[in-house]
Amino acid sequence: MVFDTVRAHAHEAGVATPYLLCNLDVIDAKMARFRAALPGVVPYYAMKANPDARVLERVKALGGHFEIASIYELDMLMACGVDPREVFFSNPIKPLEAIRRAWEAGVSTMAVDDLDEIAKIASVSPEIKTYLRLETSNTGSDWPLTGKFGASTAEAIEIIDHCAERGLPLIGLTFHVGSQCRNLDNWHSGIENAKLLFARMREAGLTPTLLNLGGGFPIQHTRPMPTIEEIGATVHKSLDGLEPEITVIAEPGRYLVGDSAWMVTRVVGTATRKGHRWIYLDVGCFTGLAETLEKFDYELLTERHGPETPMSVAGPSCDTADTLFDEKMLPEDLSAGDFVLIPNAGAYTTAYASTFNGFPLPVMVMLGA
Ligand SMILES: Cc1ncc(COP(=O)(O)O)c(C=O)c1O
């Protein structure tokens, strides 16, 4: 039924494939479910997941706040009328000019995870509030985010003492459990660690007021995932005993938009190489499915009913890296020109796309628009 709807719309929309077909109403439902499962946790949409202006406007209309990774994302938000005072700058390493521009525009709260970044921020203004990104377990996340960012406990203590001694407003702590996280314990251990470091902040003379749980809240995708209600119950239990003056926020990206859209694509061609079947789609890792580079899986829906056989699935570019799946079970009668629909493609697809090999960026079409 879903396939019929998408297929009918694909014809009506009259845009070339690949494109993202989005149902904005899904975002309403996901926001409501997030708030119900995590009462008291304020959602700041991680717009890197999908920065389409219509998505931003919908999140804004739902009363969501925003988290940005760059000054360019701030520009997009301001173009949609978002108040910069409701924006957190969560990239732990930012260009000096971006810090200055964001501060002058009204963004007052930014992530740090190193003394060098703290010095940069303080050189713009010692009044900029910061929250410290902590290293945390990413075990069991489909898209881990460890290593590049996050202070160890020893580094965190050094940063806390440094800020306390200089009167710099370090106001909180944050961590990221890894995107599409399957492991409830990551949230539990992240919060427990934050509680210990909040105590350390108080001992040093700081006044913590913010706990930012980051992102990682998963969508129901190709394998069993904890529900948002299960995550909410774990978070709720772990937050027990947290001082009431600490505001808890989170930065859901994928959870809010991931299942709001299908990638609508077509088979460009087929081939048999050494007895193995290949299909080539007009969407690839450079035109939207970048997460396949790290083995992120997608379901492929077709209208064919032939016997299924393992196939290699590739994108349209000339690059070998643009091989999406090595052994996808697909109907052997799948042919050039056929539609292939990819559910749960609303996050980290169009946002990652490039025009490599001259292929145009996939546009986003709104269902019902
Ligand atoms: C700082 C930060 N917050 C939030 C997110 C959103 O994560 P997710 O899409 O898993 O919710 C990311 C993703 O990279 C991030 O880097």
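What you see is a predicted model; the values in this text were computed from it and never measured.

Helices and strands together make up the secondary structure of the protein chain, namely 10 helices and 17 strands. What you see for the protein chain is a C-alpha radius of gyration of 22 Å, in line with the 21 Å of a compact globule of 369 residues. Per-residue burial for the protein chain yields a buried fraction of 53% across its 369 residues. Considering only intrachain contacts with a sequence separation of at least 6, the fraction spanning at least 24 residues in the protein chain is 71%. If you average the places of the 31 positive and of the 48 negative side-chain charges in the protein chain, the two averages end up 2 Å apart.

Note that soluble globular proteins tend to have their nonpolar side chains buried in a common cluster. If you look at the biggest cluster of nonpolar residues, it comprises 93 residues, and the most contacted ones within it are Tyr 45, Leu 132, Leu 170, Leu 211, Leu 213 and Phe 217. The element best represented in this core is helix α8 (residues 184–203), accounting for 6 residues. Two domains share this core, each providing at least three of its residues, namely domain 1 (2–19 + 259–366) and domain 2 (51–252). Leaving out residues up to four positions away in the same chain, Leu 211 has contacts with Leu 173, Phe 175, Ala 194, Phe 198, Leu 239, Leu 242, Ile 246, Thr 247, Val 248 and Ile 249.

What surrounds the ligand is a group of 15 residues, the closest being Ser 179, Glu 251, Gly 253, Arg 254 and Tyr 348. Separating an oxygen atom of the ligand from a backbone N or O atom of Gly 253 is a distance of 2.9 Å. Out of a free accessible area of 400 Å², the ligand has 91% covered by protein chains. Among the detected pockets, the ligand sits in the largest pocket.

Note on interface size: it is often stated as the accessible area lost on association of the parts. If you check the domain split of the protein chain, you get domain 1 (2–19 + 259–366) and domain 2 (51–252). Look at where the C-alpha atoms of domain 1 and domain 2 centre, and you get two points 34 Å apart. Taken together, the contact pairs 15 residues of domain 1 with 12 residues of domain 2. When domain 1 packs against domain 2, close to 1,100 Å² is buried across both sides, 65% of that on carbon and sulfur atoms.

It is worth spelling out the pairing of strand β2 (residues 41–46) at this point. Most of β2 sits out of view: 5 of its 6 residues are buried. In terms of strand pairing, β2 meets strand β11 (residues 247–250) through 3 bridges, oriented parallel. The residue bridging Val 41 from the neighbouring strand is Val 248, located in β11. For β2 and strand β3 (residues 65–68), the ladder comprises 3 bridges, and the chain directions are parallel. Considered in β3, the bridge of Ala 46 is made with Glu 67.

This next bit is on helix α6 (residues 115–124). Within the span of α6, buried status applies to Glu 117, Ile 118, Ile 121 and Val 124. Down the axis of α6, the buried set is contained in an arc of 120 degrees. They therefore lie on one face. Each element contacted by the buried residues of α6 is listed here: α5 (96–105), β5 (109–112), β6 (129–133) and α7 (153–166). For α6, the side-chain oxygen to backbone nitrogen distance between the N-cap and Asp 116 is 2.8 Å, and the N-cap itself is Asp 114.

This part is about the pattern of salt bridges. Side-chain pairs of opposite charge can arise where the charged atoms are in close proximity. Evaluated as defined, the whole model comprises 20 salt bridges. For Arg 33, the salt bridge goes to Glu 229, with nearest N and O atoms at 2.8 Å. Of the two residues, Arg 33 sits in helix α2 (residues 24–37) while Glu 229 sits in helix α9 (residues 228–238), which places them 196 residues apart along the sequence. Overall, the relative accessible area of 36% leaves Arg 33 in the partly exposed class. The exposure class assigned to Glu 229 is partly exposed, which follows from its relative accessible area of 37%. When the shortest N-O distance is used, the salt bridge between Arg 166 and Glu 165 registers 3.6 Å. Through salt bridges with shared partners, a single ionic network connects Asp 25, Asp 28 and Arg 58.

Right, let's talk about a negative patch on the surface for a bit. A grouping of Asp 114, Asp 116, Glu 135, Glu 155 and Glu 158 is seen on the molecular surface, where their side chains present a negatively charged patch. A residue is classified by how much of its surface remains accessible, and Glu 135, at 48% relative accessible area, is partly exposed.

The contact between α8 and α9 brings their axes to 9 Å, and the two run at 20 degrees. Relative to α9, the element α8 is oriented roughly parallel. The hand of the α8/α9 crossing is right-handed. Of the residues in α9, those in contact with Leu 184, Trp 187, His 188, Ile 191, Glu 192 and Lys 195 of α8 are Glu 230, Ile 231, Thr 234, Val 235 and Ser 238.

This paragraph deals with the side chain of Asp 113. Mapped onto the elements of the fold, Asp 113 is located in the loop between β5 and α6. Arg 133 is the oppositely charged side chain nearest to the buried, salt-bridge-free Asp 113, at an N-O distance of 6.1 Å. Engagement of the side chain of Asp 113 in a polar contact is seen with the backbone nitrogen of Gly 150, the distance being 2.8 Å. Among all residues touching Asp 113, those that are not within four sequence positions of it are Pro 92, Ile 93, Leu 132, Arg 133, Phe 149, Gly 150, Ala 151 and Ile 159.

For the rest of this paragraph, the subject is unusual backbone geometry. Residue Pro 18 follows Thr 17 across a cis peptide bond; omega there is 0 degrees. Tracing the backbone shows Pro 18 in the loop between α1 (2–13) and β1 (19–22). In this structure, Lys 274 takes a positive phi of about 50 degrees despite not being glycine.

The rules behind these values
For every chain, the first residue of the written sequence is number 1, and numbering continues from 1 along that sequence. Only residues with pLDDT of 70 or above have their local features reported here, since the model is predicted, and side-chain atom pairs are shown and tallied only from 80 upward, although totals for entire chains, interfaces and linings are computed over all residues. Hydrogens and water molecules were not included; the side-chain quantities draw on all heavy atoms of the structure. Secondary structure elements follow DSSP: runs of H or I of four or more residues count as helices, runs of E of two or more count as strands, with numbering from the N terminus. Radius of gyration here uses only the C-alpha atoms, and the compact-globule reference equals 2.2 Å multiplied by the residue count raised to the power 0.38. A simple rule labels every residue: compare its accessible area, found with a 1.4 Å probe on the protein chains alone, to the largest value its type can have, and call it buried under 20%, exposed over 50%, or partly exposed in between. The contact rule is simple, with two residues in contact once any of their heavy atoms fall within 4.5 Å. Working convention for charge: Lys and Arg count positive, Asp and Glu count negative, and His plus the chain ends are omitted. Here the site of a charge means atom NZ of a Lys, CZ of an Arg, CG of an Asp or CD of a Glu. We call a set of buried Ala, Val, Leu, Ile, Met, Phe, Trp, Tyr and Cys residues a nonpolar core when their side-chain atoms join them within 4.5 Å. The domain limits used here are those given by an automatic or database domain assignment. The nearness test applies per residue and asks whether one of its heavy atoms lies within 4 Å of the molecule or strand. Under the rule applied, a polar contact is a pair of N or O atoms within 3.5 Å (in protein, one hydrogen donor and one hydrogen acceptor; residues adjacent in sequence only if both atoms are side-chain atoms). Exposure was quantified through the Shrake-Rupley algorithm and a 1.4 Å probe, taking into account, for residues, occlusion by the shown protein chains and nothing else. The distinction between a cavity and a pocket rests on a 1 Å grid over the protein atoms alone: a 1.4 Å probe fits inside a cavity but cannot get out, while a pocket stays open yet meets protein on both sides within 12 Å along at least five of seven lines, and a residue with an atom within 4 Å of a point counts as lining. Any molecule with more than half of its atoms within 2 Å of a cavity's or pocket's grid points is counted as sitting in it. As a working definition, buried area equals the accessible area (1.4 Å probe) given up by two parts on being put together, with both sides summed. Note on pairing: DSSP must find at least two bridges between two strands before they are called paired. Starting at the helix axis, one direction is taken to each C-beta atom, and the arc is that of these directions. Salt bridges are counted wherever a side-chain nitrogen of Lys or Arg sits within 4 Å of a carboxyl oxygen of Asp or Glu. The residues that make up patches have over 30% relative accessible area and no salt bridge, and they are joined within 9 Å when like-charged or within 5 Å when they are Val, Leu, Ile, Met, Phe, Trp or Tyr. A fitted line through C-alpha atoms serves as each axis, taken over the contacting stretch for helices, and the angle formed by two N-to-C directions is quoted from 0 to 180°. Here the word oblique covers every angle except those under 35 degrees (roughly parallel), over 145 (roughly antiparallel) and from 65 to 115 (roughly perpendicular). Handedness of a crossing is defined here by the sense of rotation of the near helix relative to the far one, left-handed for an anticlockwise turn of less than a right angle and right-handed for a clockwise turn.

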